[in-house]
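Each chain, letter by letter, is given below.
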Amino acid sequence: MRSLLGVPVAWAGRVIGNLYVTDKEEGFFTKRDEEVVALFSTQAAVAIRNAELHEEEKRRTEEWKELFDLGREVTGESPKLHALLDSVAHRARRLLGTDVALIMLLSSDTSNLEMAAHDGLRTEGMRKLQLLSEDGLQGRALETLEPIVVTNYETDKRLKNRPLKLVRAEGLVSQICVPLRGKGGAIGTITVG
């Protein structure tokens with residue numbers, strides 16, 4: 001390579017790549033060459049942005065389809081709770097592209113959380129997980145009644161009495177836990193990771 005002309009490919013002030021041309025056949029690159037490559041760069045940015053918008057729209061369509069299908073299950077003839085919870089866990093995992101999804105429900109006296117449904121769990125210990133309602137990630141979500149995002153389960157100082165051995169064995173690192181609410185308050189949690 002003897003010569004190089006490069007321009008950024010940018011959209012809305014965000015550089016999303018670079019466009020390079022090399023080794024001009026006749027002489028050196030000129031100001032006009034720079035203007036032409038800049039125009040190509042603008043067209044490339046528009047094409048990339050259109051592809052991003054298309055992917056985003058495709059993702060939204062998938063989300064709406066999943067939610068619509070779930071709504072049909074919920075309102076169908078005598079939906080079975082266990083099958084419905086399994087479907088929610090499966091759809092959440094698939095839609096969010098996570099390794100696992102699990103739903104834990106509060107016991108009747110609200111002292112414990114018990115595994116109600118899961119998708120993707122590999123270890124028997126996690127499949128049979130039971131927690132005190134104030135422990136771990138799920139306990140934190142129930143305490144705050146807000147979604148809890150954990151980027152590193154082992155080092156997050158907000159979580160108390162967490163089942164670290166089970167989580168390690170499962171290979172989980174980052175997770176999101178959201179409280180499930182009913183008319184009378186929280187009834188459990190859904191977690192993806």
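Here's what I pulled together on the structure shown here. (Residues numbered from 1 in each chain as written. Predicted model: local features only at pLDDT ≥ 70, side-chain atom pairs only at ≥ 80, totals over all residues. Heavy atoms only, no water.)

Considering the sheet that holds strand β8 (residues 185-192)
Just so we agree on the cut-off: Here, a strand pair is defined by DSSP locating no fewer than two bridges between the strands. Put simply, DSSP H or I for four residues or longer makes a helix, DSSP E for two residues or longer makes a strand, and each gets a number counted from the N terminus. Whenever a helix is involved, its axis is fitted only over the stretch in contact; in every case the axis is a line through C-alpha atoms, and angles between N-to-C directions fall within 0 to 180 degrees.
Judged by pairing direction, the sheet is antiparallel, and its six strands sit side by side in the order β5-β4-β3-β8-β7-β6 without closing on themselves. Sheet topology places β5 (130-132) and β6 (148-150) at the edges, where each strand pairs with a single neighbour. Here the average twist between neighbouring strands, direction ignored, is 25 degrees. Judged from the three bridges that link them, β6 and strand β7 (residues 175-182) form a sheet pairing that is antiparallel.

Considerations on the packing of aromatic side chains
Counted only if it meets this: Between rings of Phe, Tyr and Trp, where Trp is taken as its six-membered ring, a pair exists when centres lie within 6.5 Å; planes separated by under 30 degrees are stacked, by over 60 edge-to-face, and by other angles tilted. Throughout this description, the term charge over a ring refers to an Arg CZ or Lys NZ atom that lies within 6 Å of the ring centre and within 35 degrees of the ring normal.
As enumerated under the stated definition, the model contains zero aromatic pairs in all. Sitting above the plane of the tyrosine 153 ring, arginine 162 keeps its charged end 5.8 Å from the centroid.

Observations regarding the side chain of aspartate 69
As a reminder, the rule being used: The definition of a polar contact used here is a pair of N or O atoms within 3.5 Å, where within protein one atom must be able to donate a hydrogen and the other to accept one, and adjacent residues in sequence count solely through side-chain atom pairs.
Tracing the sequence through the fold places aspartate 69 in helix α1 (residues 31-75). Among the polar contacts made by the side chain of aspartate 69, one reaches the side chain of lysine 65 at a distance of 2.7 Å.

Comments concerning empty space enclosed by the protein
Rule in force here: Throughout, the protein atoms alone are placed on a 1 Å grid, and a set of points is a cavity if a 1.4 Å probe fits but cannot get out or a pocket if it is open with protein on both sides within 12 Å along at least five of seven lines; lining residues have an atom within 4 Å of a point. Grid points are joined across faces, edges and corners, and a volume is the space filled by probe spheres set on the points. Three residue categories are used. Nonpolar comprises Ala, Val, Leu, Ile, Met, Phe, Trp, Tyr, Cys and Pro, charged comprises Asp, Glu, Lys and Arg, and polar comprises the others, including Gly.
This structure, assessed with the given rule, holds one cavity of 30 Å³ or more. Together, Leu102, Met126, Leu129, Leu137, Gln138, Tyr153, Pro163, Val167 and Gln175 line the largest cavity. Counted by class, the lining of the largest cavity contains seven nonpolar, two polar and no charged residues.

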